Amino acid sequence: MKVISIYNMKGGVGKTATAVNLSYQAAQSGLRTLIWDLDPQGATSFYFRVKPKVKGGGKKIVKGKSDLDDLIKGTDYTNLDLLPADFSYRDLDLRFADEKDSRLKKLITPLKKEYDLIVFDCPPSISELSQQIFRASDMLIVPMLPTTLSIRTLDQIRLFLKEEKIKGLKLRTFFSMVDRRKKMHKDIIEEFAAKGKGHIEANIPYASAVEKMGIERAPVGDFAPRTAPALSYRELWREINKELD
Amino acid sequence: MSRETVSYQLADTDTALDIAKLLAGVGKVETASERSFKLSYYDTFDWRLFDAGKALCVSQHEDQSDIQVESLNADEILASMPGRLKTGFADDFGSGRIRDMVEELIDVRRLMARLDLHALRTAMAVRDKEGKALFRLNLESIEAAKPGSRARKALGVRLVLEPIRGYAKAAEKAMALLDDSYQRKTEDRAPFLKGLDLIKVTPGDYSSKLKLHLEPHMTAQQASHLVHLTLLDTIERNEEGTAANIDAEFLHDFRVAIRRTRSALSQLDKGVLPPKVIAKAKDDFKWIGQQTNDMRDLDVYLLDFPKIQGSISESYRDYLTPFKDYLVSKQGKAHAQVQRLIGSARYRKILNDWRHYLTEGHQKSSRGEDAELPVKELADSRIWKAYRKVMKEGGAIDEDSPAEMLHDLRITCKKLRYLLEFFQSLYPAGEIGKLIKALKSFQNVLGEFQDTEVQSNAILQLGRDMAEAKKAPVETQMAMGMVADSILQKQGGARRAFHVRFDAFSTDEVKDSFKKLFKSRG
Ligand SMILES: Nc1ncnc2c1ncn2[C@@H]1O[C@H](COP(=O)(O)OP(=O)(O)O)[C@@H](O)[C@H]1O
Ligand SMILES: [Mg+2]
């Protein structure tokens, strides 16, 4: 079983859109996939039409008193299950603070038999929860907007990993919401691709089909399979999958 | 991930609309338009997936194609991926769950088309207010056909309810309603199995294991005939796949049956069948076997090619490509030779005459002096004798013994092995099984010892042939030399292993078992 996290401490960079669409692509390719919506706002759960509610809330989960198995919901797609968000996740930070650093990693180990891939959709913050997530993951995937400011957050993430002494975690970046007509986007992407270590070249374009996910409440690959963003997410998944083994 | 499905028996007249009306209180029933699917089922010639309780099918709807592995016991889909079969070998599945499930089972065998199911399916989903699916329903009417055939047989109409994880309550509510109106199909057999029934195919009707049931009260002659008829069946059943070169196992099984026949002729039939009959059959089957040697050797090289390549440093591996091309073209020629053999009048006559002799011809001919002996007595004495010979030859081998002695021992062991297998059913399964296993692991090292030498010499010879035909660049020849060397390096290890394994085979425990089972008290 592999674990990947879609992470950026900034909001609105396309984390949730990525988590939803990558999970969908992975499941379509035959991997038994679980997406865990860790953001108390529950956008991922919304996209899958599942109530953002978990029996017993985050507290019981962290304490190990909930069987994750009982909280999982099947999505409308083969091979794809969801662990929904819950409003109580807003204080997961505090809950995890009382636990060992590897608490989350331990919580998900029983799921190994059932899933080939776990995807965390992370809330935008840099915190106790983040370090728990990083320790539980094989790969950290950071969506970035093609702006100088957005790229600078990467240094902060690296610093955080170093300070927390988190090793063996693959860090991968890619650009999301790319507008090809903008010269600034093009320039930044070219410059970054040339020197960025662990950068994945598949870009996700800025596209109305992604915005429509909120109306359709489904991954783009489901309701608009032949559009540019759907194909880009598929390509992104292919690249990531290659680097997972 | 998949929850257990429940299915209901429906009548031909039941429609999706009836179901939708019935379940209207559970949620919003969404009915898709009817779609036709073709489900093509595959298994190896010897039914390896079936034996493991699985079935593999390619499900096609318009241009959408998925490969699915199903469980035969629970009638559920264990794994699914988009795609279709290209060659029928394990490589078709890329990497992933289906490959993990299937590769170990099918190994080098090819999947062959076994059954087509044509399904008309109306997919329904029952959703909550948010539009989330709570469970799914499939109304299916299925027909079965032989692969590629147009003649179809109806398998019936059924409704399958697929619960979705985390929404059990809704599914239970629906089941309660359905139970009131329809018959639930308990112990429903997978449509694959029912379909096979309808096209009159018996799964598991071939196995490469020798399935022989001898009775202790049979005479030696009756047993001999039964052994040979069983082997003859195996030979004939593998002809088609060998001629079509479907996979290398057909020829392998074919050759094992020929070898067993020859072994039975010299080990079992002496004194049982008339000497003249034995002599002629020995010549005939030797002749058949010989013409398949080249193809088998080449099959083995090709199957082992990834290993051969892996035996030398990565930087030289590409130089072996001309070697592989050469093997492929030689295999093609060797295969043509085998095709000619199987199509030849002489071959056919040998097999037909042999069958005729075994079924009725023997009544007119004389019989050997031991023909009327109870088979158990014959088995005891022949096995005991072969065992003694193995122990004698093995015991005489020390560190300095020439390689020939190991080669001879290998042949003696093979004879013992075949005898044990022929007569297996006359002895308690557990006990004789243990002895066969002990012998087998000991035979493996002997085999490796011999193969290393034969193979490394053969590779040098192939290198010479290629050079002569101007098909081997210098680099290829050098790389082949490395391969030959790395193979030969293993021989030392096999020789050391021999002593360890022979000691394990010489323990008092094994000795006592042989004595107890086979040594006559008279
Ligand atoms: N590639 C894209 N093209 C257009 N809009 C996008 C794209 N990716 C995300 N969005 C929109 O941007 C907003 C924020 O995206 P989201 O995935 O929720 O970001 P995050 O999870 O990082 O906060 C959403 O309204 C989403 O529909
Ligand atoms: Mg989000």
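Quick caveat: nothing in here was measured; it's all calculated off a predicted structure.

I'd love a proper account of the site of ligand 1, names of residues and values included.
Residue and element names in this part refer to chain A. Taken together, 14 residues lie near ligand 1, and Gly12, Lys15, Thr16, Ala17 and Pro205 sit nearest. Lys15 has a polar backbone atom sitting 2.9 Å from an oxygen atom of ligand 1. A distance of 2.9 Å separates a nitrogen atom of ligand 1 from a polar backbone atom of Ala207. Considering ligand 1 on its own, with 560 Å² of exposed area, one finds that the protein chains cover 79% of that surface. Listed by contribution, the elements that provide at least two residues to the shell around ligand 1 are helix 1 (15-28) and helix 10 (208-211). If you tally residues by element for the shell around ligand 1, the top one is helix 1, at three residues.

Tell me about the UniProt feature "domain: AAA" (unreviewed entry) in chain A, and name the residues and values.
According to UniProt, the feature "domain: AAA" (unreviewed entry) maps to residues 1-162 of chain A in the numbering used here. Here residues 1-162 of chain A runs as 40% helix and 17% strand, with 25 Å between its end C-alpha atoms.

Could you give an account of the packing of aromatic side chains, with specific residues and numbers?
Enumeration over the complete set of coordinates arrives at 27 aromatic pairs over all chains. When the centroid spacing of 5.6 Å and the interplanar angle of 45° are considered together, the rings of B:Phe514 and B:Phe518 count as tilted. Remark: B:Phe518 and B:Phe514 occur in helix 19 (residues 508-518); sequence separation between them is four residues, near one turn of the helix. Considered together, B:Phe514 and B:Phe518 belong to a single accessibility category, that of buried residues. The side chain of A:Arg217 reaches across the aromatic face of A:Phe46, ending 4.0 Å from its centre. Between the NZ or CZ atom of B:Arg114 and the centre of the ring of B:Trp47, over which it lies, the distance is 3.9 Å.

Report on the packing of helix 9 (residues 275-290) of chain B against helix 14 (residues 345-359) of chain B, specifying residues and quantitative values.
Residue and element names in this part refer to chain B. At a minimum axis separation of 11 Å, helix 9 and helix 14 run at an interaxial angle of 145°. The two elements helix 9 and helix 14 cross, and the hand of that crossing is left-handed. Every residue of helix 14 that contacts helix 9 at Val277, Ala281, Asp284, Phe285, Trp287 and Ile288 is listed here: Arg346, Tyr347, Ile350, Leu351, Trp354 and Tyr357. Its residues assigned to classes, the contact of helix 9 with helix 14 shows 10 nonpolar, no polar and two charged.

Criteria and cut-off values
Residues numbered from 1 in each chain as written. Chains lettered and ligands numbered in written order. Predicted model: local features only at pLDDT ≥ 70, side-chain atom pairs only at ≥ 80, totals over all residues. Heavy atoms only, no water. Near = heavy atom within 4 Å. Polar contact = N/O pair within 3.5 Å; in protein donor to acceptor, adjacent residues only side chain to side chain. Areas by Shrake-Rupley, 256 points an atom, 1.4 Å probe, with all protein chains shown as cover. Helix = DSSP H or I, 4+ residues; strand = E, 2+ residues; numbered from the N terminus. UniProt positions renumbered as here; feature names shortened; annotations may be inferred. Phe/Tyr/Trp six-rings, centres within 6.5 Å; stacked < 30°, edge-to-face > 60°. Buried < 20%, exposed > 50% of the residue type's maximum accessible area, 1.4 Å probe, protein only. Lys NZ or Arg CZ within 6 Å of the ring centre and 35° of its normal. Axes fitted to C-alpha atoms, helices over the stretch in contact; angles between N-to-C directions. Left-handed = near helix turned anticlockwise from the far one by under 90°. Contact = heavy atoms within 4.5 Å. Nonpolar A, V, L, I, M, F, W, Y, C, P; charged D, E, K, R; others polar.

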